[in-house]
Amino acid sequence: MDSPADLAAAARAVGLPAVLKPRKGAASADTHLIQTIEEAERVLRDAGGPFVLEEFLIGDPAAAGPGWGDFVSVESIVADGAIASSHVTGKLPLAPPFRETGQFAPSTLDRPVADRVAAHAEAAVAALGVRWGAVHTEVKLTPAGPRIVEVNGRLGGYVGDVHLRAGGPDLLRDAIAVALGLPVAERAPGYRAVAFRHYVAAPPYLAVLERLDGIDDLLRVPGVTHVDVRAEAGRVLDWRKGTQECLAVVYGTAPDHRALARTVRRIAAAVRPRYASAQRQPSEEIRS
């Protein structure tokens, strides 16, 4: 869609509610859940530029298990048109409306579900005619089964790190190998731990950060190895900038998924932001 004039036809084709996002972008920036045409018109007026209206997929919370994100990603390494390897990355639940809060490896999916997800991603790679390189496919876990959200001609952001730290494949090495026409290395037998990268999300409205307490406490949480603080006092936090507009990024490992769930809860309890002002505007309302 290039202008609000395109909205009515797009809504008839896609249906409402729907997802409105920039035609070109990353990290869920300016990505909105749209309930009405009026909401979409307001976003287009405020943001400008070409947008896409796409189907809003309802997730199946049972697919990955309670407390985990209802979507995953698949990293596929392609050599001469054949899939050399595919690896599923688990996700933490989204912060509203569609901001990622972290990824981890290995995922929580049962083997039959993981195999079905990987098969969908590999079918997308084949349909696009990819011959060489790395492909990052986002997959929504719905009650009707896996659905493709998007396909990217690259490794997913930071996913190579979590797989490597968990004892899994070196995806960056594999991507470089196929780019050079070299064979992909044999995968190590299994993961030794669960590695994670967790974004501590900003609130779903414009806010000015007054102070951020609890960062030192994060380093005492079992499994946390380091913390990258992203927001300082006085910063205006804008959820519309997407996933990267966060308070901090926490890195670490856990012996299993149950321990990871405890770690995520302890991180949430430790971080104590205080906002000097937090004002909701009509265009910033989050509906779920």
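Remember, predicted model here, so these are calculated numbers, not experimental data.

Draft legend 1. A look at the pattern of salt bridges. One pass over the structure, following the stated rule, counts 16 salt bridges. Residues Arg131 and Asp80 are paired through a salt bridge, measuring 2.7 Å at the closest nitrogen-oxygen approach. Of the two residues, Arg131 sits in the loop between helix H4 (111–127) and strand S7 (133–142) while Asp80 sits in the loop between strand S4 (71–79) and strand S5 (82–91), which places them 51 residues apart along the sequence. When its relative accessible area of 45% is taken as the criterion, Asp80 is described as partly exposed. Between Asp228 and Arg230 there is a salt bridge, with its nearest N and O atoms 2.8 Å apart.

Draft legend 2. Broad picture of helix H2 (residues 37–47). The set of residues buried in H2 consists of Glu39, Ala40, Val43 and Leu44. Within H2, the buried residues cover an arc of 130° as seen down the axis, which keeps them to one side. Looking at H2, the residues exposed on the side facing more than 90 degrees away from the buried face are Arg45 and Asp46. Where H2 is buried, its residues meet helix H1 (7–14), strand S1 (18–22), strand S2 (32–34) and strand S3 (51–55). Count one or two residues on from H2 and you reach Gly49, which has phi positive near 80°.

Draft legend 3. Structural detail: the nonpolar core. Counting residues in hydrophobic clusters, the biggest one holds 36 residues, and the most contacted among them are Leu109, Leu218, Leu247, Val250, Leu260 and Ile267. When residues in this core are grouped by element, the largest group, 5 residues, is from helix H8 (residues 257–270). Leu247 has contacts with Val200, Ala201, Ala202, Leu209, Leu212, Val229, Arg230, Ala231, Leu237, Val271, Pro273 and Tyr275, leaving out every residue within four places of it along the chain. In terms of nonpolar packing, the next biggest core, distinct from the first, is built from 12 residues, Ala10, Ala11, Ala18 and Val43 among them.

Draft legend 4. How the structure looks around the side chain of Glu100. The topology assignment puts Glu100 in the loop between S5 and strand S6 (102–105). Note on Glu100: relative accessible area 15%, which makes it buried. For Glu100, the contacting residues outside a window of four places in its chain are Phe71, Lys91, Leu94, Glu138, Tyr199 and Thr243.

Draft legend 5. Molecular detail of unusual backbone geometry. Look at the link from Leu16 to Pro17: it is a cis peptide, with omega at 0°. By the secondary structure assignment, Pro17 is in the loop between H1 and S1. Note the cis peptide between Pro96 and Pro97, where omega equals -5°. Along the chain, Pro97 turns up in the loop between S5 and S6. Not every positive phi belongs to a glycine, and Asp30 is a case in point at roughly 55°.

Draft legend 6. Main features of the sheet that holds S2. Pairing is antiparallel across the open sheet formed by 3 strands, whose spatial order is S2-S1-S3. Two strands close off the open sheet at either side, each with one partner strand: S2 and S3. If you compare each strand with its neighbour and ignore which way they point, the axes differ by 30° on average. Summarising the sheet, S1 and S2 pair through 3 bridges and their orientation is antiparallel.

Draft legend 7. Structural detail: the sheet that holds S6. Read from one edge of the open sheet, 8 strands run S8-S7-S4-S5-S6-S9-S13-S11, paired in antiparallel fashion. Only two strands of the sheet have a single partner each, and these edge strands are strand S8 (145–152) and strand S11 (224–229). Here the average twist between neighbouring strands, direction ignored, is 25°. Here 5 bridges tie S11 to strand S13 (residues 246–254), and the two strands are oriented antiparallel to one another. What sits directly across from His226, in S13, is Tyr251. The strands touched by H4 are S4, S5, S7 and S8; relative to S8, the strand with the most contacts, the crossing angle is about 40°. Relative to S4, helix H6 (residues 171–179) is tilted by about 35°, and along the sheet it contacts S4, S5 and S7.

Thresholds applied
Residues numbered from 1 in each chain as written. Predicted model: local features only at pLDDT ≥ 70, side-chain atom pairs only at ≥ 80, totals over all residues. Heavy atoms only, no water. Salt bridge = Lys/Arg side-chain N within 4 Å of Asp/Glu carboxyl O. Helix = DSSP H or I, 4+ residues; strand = E, 2+ residues; numbered from the N terminus. Buried < 20%, exposed > 50% of the residue type's maximum accessible area, 1.4 Å probe, protein only. Arc of directions from axis to C-beta. Contact = heavy atoms within 4.5 Å. Core = buried A, V, L, I, M, F, W, Y, C linked by side-chain atoms within 4.5 Å. Pairing = 2+ DSSP bridges. Axes fitted to C-alpha atoms, helices over the stretch in contact; angles between N-to-C directions.

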